[in-house]
Amino acid sequence: SATPLLRYCEVLNAQSKNYSNSYKIFYKAMEIIIAHYREQDFSVESLAKELEISTVHLRRIFYSNTGSSPKKTINDIRFEQAKQLLKEKRSINVV
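Residues numbered from 1 in each chain as written. Predicted model: local features only at pLDDT ≥ 70, side-chain atom pairs only at ≥ 80, totals over all residues. Heavy atoms only, no water.

*Asks:* Residue-level account of the overall build of the chain, with values.
*Replies:* The secondary structure content of the chain amounts to five helices and zero strands. The secondary structure elements of the chain, listed N-terminal to C-terminal, are α-α-α-α-α. Classification of the 95 residues of the chain by burial places 34% in the buried group. In the chain, of all internal contacts separated by at least 6 residues, the share reaching a separation of at least 24 is 47%. For the chain, the exposed surface amounts to about 6,300 Å²; the carbon and sulfur share of it is 52%. (Helix = DSSP H or I, 4+ residues; strand = E, 2+ residues; numbered from the N terminus. Buried < 20%, exposed > 50% of the residue type's maximum accessible area, 1.4 Å probe, protein only. Contact = heavy atoms within 4.5 Å. Areas by Shrake-Rupley, 256 points an atom, 1.4 Å probe, with all protein chains shown as cover.)

*Asks:* Give me the packing of aromatic side chains: which residues, what numbers.
*Replies:* What the rule picks out here adds up to two aromatic pairs. Taking the centre distance of 5.8 Å and the plane angle of 50° together, the rings of tyrosine 23 and phenylalanine 26 count as tilted. Of the two residues, tyrosine 23 and phenylalanine 26 are both situated in helix 2 (residues 21-36); the distance of three residues between them amounts to about one turn of the helix. Their ring planes at 70° and their centres at 5.1 Å tell us that phenylalanine 26 and phenylalanine 62 sit as a pair that is edge-to-face. Of this pair, phenylalanine 26 sits in helix 2 while phenylalanine 62 sits in helix 4 (residues 55-66), and the two are 36 residues apart along the sequence. The pair phenylalanine 26 / phenylalanine 62 is uniform in exposure class, with both members buried. (Phe/Tyr/Trp six-rings, centres within 6.5 Å; stacked < 30°, edge-to-face > 60°.)

*Asks:* Outline the side chain of threonine 73, listing residues and values.
*Replies:* With respect to the secondary-structure elements, threonine 73 resides in helix 5 (residues 70-87). The residues contacting threonine 73, other than those within four sequence positions of it, are Met30, Ile33, Phe62, Thr66 and Ser68.

*Asks:* Outline unusual backbone geometry, supporting the account with residue identities and numerical values.
*Replies:* Excluding glycine, most residues fall at negative phi; most peptide bonds, likewise, are trans. In this structure, glutamate 52 is a non-glycine residue whose phi angle is positive, near 60°. Assignment of secondary structure puts glutamate 52 in the loop between helix 3 (44-51) and helix 4.

*Asks:* Describe the confidence of the model for the chain, and please don't skip the residues or the numbers.
*Replies:* Across the chain, pLDDT averages 83, with 74% of residues at or above 70. Here helix 1 (residues 3-15) stands out as the element of the chain with the lowest mean pLDDT, 63, in contrast to helix 3, whose mean of 97 is the highest. (pLDDT = per-residue confidence, 0-100.)

Written as structure tokens, this is what we have:
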């Protein structure tokens, strides 16, 4: 379930009202990641394309907001969701 992730984005949104354009792009990127991380072909390139920015600019935004890359963020979310599914003892095919 992406519920904790959605709650995280709601918190970011509530906090983002007074933040920079860079942070607002970061927030939008997180929304897109949460909506698409399950898709096998979802990538940093497709994320940048949807945001209409370059991958270089996207990486800068992520490093300034998280200290890590968008690819690591996507992989971390996928890993955390896989761990959650395994805890719920779902079939490995779902993961």
